[in-house]
Amino acid sequence: MLQKTPTAPRPEAVPHAEGVSNDEFRAALSRLAAGVVLITAQEPPLDEDGRGEDVGMTATAFMSVSLDPPLVMVSVRNDSRMDDLLAEQPRWAVSVLAESQRQVAGRFSMKGRISDRLLFADLPCVRGEATGAFLVEGALATLECDTEERVRAGDHTLVIGRVLTASVPNTEGEPLTYFKGRYRHLD
């Protein structure tokens, strides 16, 4: 059974079972095709008059958890900017990316990337009514969520969110998928 993330200092990660290397694990799991989403949230404002900075992260570890109540889950790397933000900001949004939005996925998955403010600058988005977070225009589906639970799982945190809004703005596009370390399209 999964346990809630403790508030005490985080324990050291448990090493792999004997005989399972990081490379072998990555190679095996790269054979699992996944959908690609953009997770977005807004930092709390620094003062009463300001608006917090928007933050975005490409994710392939995203899934439906429950229909009643409607719950979804995303996995975020421990101590990443998104992990830190979602620990203090319970409201976040999801844009299910279409195949034509490959550049959006790449933009928000770059290591050593420029500031999020510049990444969002020319991206066609609308703000979610429930969360205030950016939702990418042309996405296959969008969801707005409120965190129900955070679960520590190795070097990642599983963030389970109750779905506040769900829409399907693009019924014509094909999904962007990730397989064998690359973005792909369905044939």
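Everything below is about the structure shown above.
What you are looking at is a predicted structure, and each value in this text was computed from that prediction instead of being measured. Numbers given to residues run from 1 along each chain, matching the order in which its sequence is written. Two thresholds apply to this predicted model, a pLDDT of at least 70 for residue-level local features and 80 or more for giving and counting side-chain atom pairs, whereas whole-chain, interface and lining totals are computed over all residues. Calculated side-chain values reflect all of the structure's heavy atoms, with hydrogen atoms and water omitted.

A. Structural detail: the overall build of the protein. Starting at the N terminus, helices and strands are each numbered in turn, a helix being any DSSP run of H or I of at least four residues and a strand any DSSP run of E of at least two. Broken down by element type, the protein carries 4 helices and 12 strands. Note on contacts: a residue pair is in contact if any heavy atoms of the two residues lie within 4.5 Å. Restricting the contact set of the protein to residue pairs at least 6 apart, pairs at least 24 apart contribute 64%. For the accessible areas, the method is Shrake-Rupley and the probe is 1.4 Å, while residue cover comes only from the protein chains on display. On the protein, roughly 11300 Å² of surface is accessible, and the fraction owed to carbon and sulfur atoms is 53%.

B. A nonpolar patch on the surface, seen in detail. Each patch is built from salt-bridge-free residues with over 30% relative accessible area, joining like charges within 9 Å and nonpolar side chains (Val, Leu, Ile, Met, Phe, Trp, Tyr) within 5 Å. Only one rule defines a salt bridge in this text: a Lys or Arg side-chain nitrogen within 4 Å of an Asp or Glu carboxyl oxygen. Together, Val20, Phe25, Leu29 and Leu32 make up an exposed nonpolar region whose accessible area comes to about 370 Å². Examined against the element boundaries, Leu32 turns out to sit in the loop between α1 (22-29) and β1 (34-35).

C. The environment of Asn170, seen in detail. Following the sequence through the fold, Asn170 ends up in the loop between β10 (156-167) and β11 (177-179). Excluding its chain neighbours within four sequence positions, the residues that come into contact with Asn170 are Ala98, Gly138, Ala139 and Leu140. Here a polar contact means two N or O atoms within 3.5 Å. Within protein one must be a hydrogen donor candidate and the other an acceptor candidate, and residues neighboring in sequence count only if both atoms are side-chain atoms. A polar contact is formed between the side chain of Asn170 and the backbone oxygen of Gly138, at a distance of 2.9 Å. Side-chain polar atoms of Asn170 contact the backbone nitrogen of Glu172, separated by 3.1 Å.

D. Layout of the side chain of Thr40. Mapped onto the elements of the fold, Thr40 is located in strand β2 (residues 37-42). A polar atom in the side chain of Thr40 sits 2.6 Å from the backbone oxygen of Phe134.

E. Spotlight on the nonpolar core. Side-chain atoms within 4.5 Å are what join buried Ala, Val, Leu, Ile, Met, Phe, Trp, Tyr and Cys residues into a set we call a nonpolar core. Burial status follows relative accessibility: with a 1.4 Å probe on protein chains alone, a residue under 20% of its type maximum counts as buried, one over 50% as exposed, and anything between as partly exposed. Ile39, Met57, Val74, Met82, Trp92, Val94 and Cys145 are the most contacted members of the largest nonpolar core, which has 18 residues in total. For this core, the secondary structure elements donating two or more residues are β2, β3 (54-59), β5 (71-77), α2 (81-88), β6 (91-96), β9 (141-153) and β10. Once residues lying within four places of it in the same chain are set aside, the contact partners of Met57 are Val37, Leu38, Ile39, Val74, Ser75, Val76, Met82 and Phe108. Among the nonpolar cores identified, the runner-up in size contains 14 residues, and Leu97, Cys125, Val136 and Tyr183 belong to it.

F. Examining the sheet that holds β6 more closely. With antiparallel pairing, the 7 strands of this open sheet are ordered in space as β3-β2-β6-β9-β10-β5-β4. Either end of the sheet is taken by a strand with one partner, and the two such strands are β3 and β4 (62-66). Neighbour-to-neighbour, the strand axes of the sheet open up by a mean angle of 35°, direction not taken into account. Only when DSSP finds a minimum of two bridges between them are two strands counted as paired. The axes used here are C-alpha line fits, helices contributing only the stretch in contact, and every angle between their N-to-C directions lies in the interval 0 to 180 degrees.

G. Up close: the sheet that holds β11. Pairing is antiparallel in the open sheet, where 3 strands are placed in the order β1-β11-β12. Each edge of the sheet is formed by a strand with only one pairing partner; in this case those strands are β1 and β12 (182-184). Relative to β11, β1 runs antiparallel, the two sharing 2 bridges. Paired with Ala34 across the bridge in β11 is Tyr178.

H. Structural view of a positive patch on the surface. A cluster of basic residues, Arg31, Arg102, Lys180 and Arg182, forms a positive patch at the surface. Take Lys180: it is sitting in the loop between β11 and β12. Of the residues examined, Lys180 reaches a relative accessible area of 43% and is grouped as partly exposed. Just so you know, the count uses Lys and Arg for positive and Asp and Glu for negative, and it drops His and the chain ends. Charge coordinates come from a single atom per side chain, which is NZ of Lys, CZ of Arg, CG of Asp or CD of Glu.

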